[in-house]
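# Close look at the chain arrangement
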Amino acid sequence: MKKKIDLMVTAFRDGFQSVFGARVATADFLPAVEATVAAGLTHLEVGGGARFQSLYFYCNEDAFEMMDSVRASTGPDANLQTLARGVNVVGLDSQPRDMIKLHAELFKKHGITTIRNFDALNDVNNLIYSGQCIHDAGLKHEVAVTLMALPPGIEGAHTPDFYTRTLRDILDASIPFDSVVYKDASGTATPRTVHESIKQARALLGPDARIVFHTHETAGVSIPCYLAAIEAGANQVDCSLAPVSGGTSQPDVISLWHALRGSEYELGVDITKVREAEELFKECMQDYFVPPEARAVEPLIPFSPMPGGALTTNTQMMRDNNILDHYAEVAAAMEEVISRGGYATSVTPVSQFYFQQAFNNVMAGPWKKIAEGYGKMVLGYFGKTPTTPDPEIVEFAREQLKLEPTTENPVDLNDKDPDKGRDAAVRVLESEGLPTTDENVFIAATCKEKGIAFLKGEARLMIRKKKPRQPAKSSRSYEVTVDGTSYNVEIGDGTTLVNGKSYSVDIQDVESGERKSSAAQPPEAAAGEGAAVEVKAPLPGAVLRVSARAGDRVTHGDTLLVLESMKMETAVTAPADGKVEEVSVAAGDQVSAEQKLAVIRS
């Protein structure tokens, strides 16, 4: 008799995050949820992680209403699972105890069965209170050990023995759990490491414990790793469904079903019904833009381990800001960032810290600008990293962020922070005239300004769907190469498409001698008496908030507005004393580098 291997379908959380940057509307995928359950696949990952914040940030939807809708579609018996980031719960920033407790209670209220709970640093202290809250709320707690392969030539952590020590720490801390998952978000752990880690876990936990393994296809070794995990004693693995399987996501259910044919293991699925569910799912997602990197295996990912969801999110943000040509440089720079940062696992939020710091090292110069998250991590504000960060990098972070290193428990730090927790969230909600329900409090605490914008009805829909491609009248296409980078340029009447993105342009024939229709801007005046000084965007991004208004008096260095780029905030300050004559942008606007933001007259 064959041994049955259980499955969780990740399509409706990790699949969406890995392929679409988590930007998917609920109404578009609910028919696929129903078809998946009808096919006999009733353990579904449906929220948490980036699929919480993204609904408020980009989809103009409420994540709690999404969870309610999925539960209504599946019926009461499905095992609906979400992802939590330890003390960060479902935010990029860590939270105090009241928000950690509220997270578990609200997710239970809105139909969730199981919460998978991980810490990117493998600091078990960050799992103790969060795990207890999940258990106390009446949810199943799946505690995680996070995996990745260190870039070649780097040693010091992320070995089977390291993971077994982490598991022993979980047991010693008496954290209540129903299952243990070995979670490899970057898909870089080798089959040998996976086999030995699961084998040691089975020996430590005994024959009745539930052990789960999770990886991605990004490096091309997901199926060998799943086979290694199964042979070592894993009870369950995670798979996705087309069109959000493979590439940066989990392998497809059908792929694993095929790999197990003729073996002593089986998935126990009706493969015909699975195929039918996938065909319906493809129809549901047919209008969504799929970035080409989401469908590919990336052989270089072991050198710059990055989760599938972070990879496509970052490339999409770079694509949106017209800086995708820097991606290869940033990815290459991650190797040093990881090696000097203490070897925390490349999974959210740490994967974003790594990418942000690599991005800064490329765009601003090596270590000239410490990303806030990365700096706080090496200083100890998120817990203890697996190894000690490079002292030079710690000093850079201390100087630039003006923070001293700490060994204090992050939850204790957050409890003392007056800007975090229920009271702070209630103050913001009341100042905006919004109801102070538990849901609104949690949204305000974890999503901050963007959560408040959603609650006020000011959120913008930013889902990436294919646009009907209507060739411009009398259009001509060109392949333009600039510094070795090729661009597809299609020029039409008043509109130009560059790699499929539309720009409004005005083109004049230089040889005809005709003047351009838009007047040339005069040279920037010197900052003397009465001089007008333009304030320009230092980098592309979105306007997060605007502090200055026309008529305000400002002093050199005052913050005029804050840009968000690559999930980092950059303050734009006054270059001189004077009076704000003009503010050219508003919160939510997307701006390009060197775009005029404001004018100050001295």
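What you see is a predicted model; the values in this text were computed from it and never measured.

To continue, consider the confidence of the model for the chain. On average, residues of the chain score 90 in pLDDT, and 90% of them are at 70 or above. Predicted confidence is poor over residues 515–528, with pLDDT under 50, and the contacts of this stretch with residues over four places away or in other chains come to 13 contacts.

In this section: the packing of aromatic side chains. The full count for this structure, using the stated rule, is 21 aromatic pairs. A ring pair is formed by F57 and Y58, whose centres lie 6.0 Å apart and whose planes are at 85°; its orientation type is edge-to-face. Side by side, F57 and Y58 carry an identical accessibility label, which is buried. Consider the rings of W367 and Y374, whose centres lie 5.9 Å apart with planes at 35°: the pair is tilted. Owing to a relative accessible area of 0%, Y374 belongs among the buried residues under this scheme. Taken together, the ring pairs connect F12, F16, F20, F29, F281 and Y288 into an aromatic cluster. A cation sits over an aromatic face here: R23 above Y58, 3.5 Å from the ring centre. Taking the ring centre of Y129 as reference, the NZ or CZ of R97 above it sits at 5.7 Å.

Below, the discussion takes up the pairing of strand β3 (residues 43–48). The buried fraction of β3 is high, at six of six residues. Relative to strand β4 (residues 79–84), β3 runs parallel, the two sharing five bridges. Of the residues in β4, the one forming a bridge with E45 is Q81.

Along the chain, I154 turns up in the loop between β6 (140–146) and α7 (160–172). Distance from I154 to Y343, taken between C-alpha atoms, is 9.5 Å for residues 189 residues apart in sequence. Contacts of I154, omitting those with residues within four sequence positions, involve E335, S339 and Y343.

Conventions we followed
Residues numbered from 1 in each chain as written. Predicted model: local features only at pLDDT ≥ 70, side-chain atom pairs only at ≥ 80, totals over all residues. Heavy atoms only, no water. pLDDT = per-residue confidence, 0-100. Contact = heavy atoms within 4.5 Å. Phe/Tyr/Trp six-rings, centres within 6.5 Å; stacked < 30°, edge-to-face > 60°. Buried < 20%, exposed > 50% of the residue type's maximum accessible area, 1.4 Å probe, protein only. Lys NZ or Arg CZ within 6 Å of the ring centre and 35° of its normal. Helix = DSSP H or I, 4+ residues; strand = E, 2+ residues; numbered from the N terminus. Pairing = 2+ DSSP bridges.

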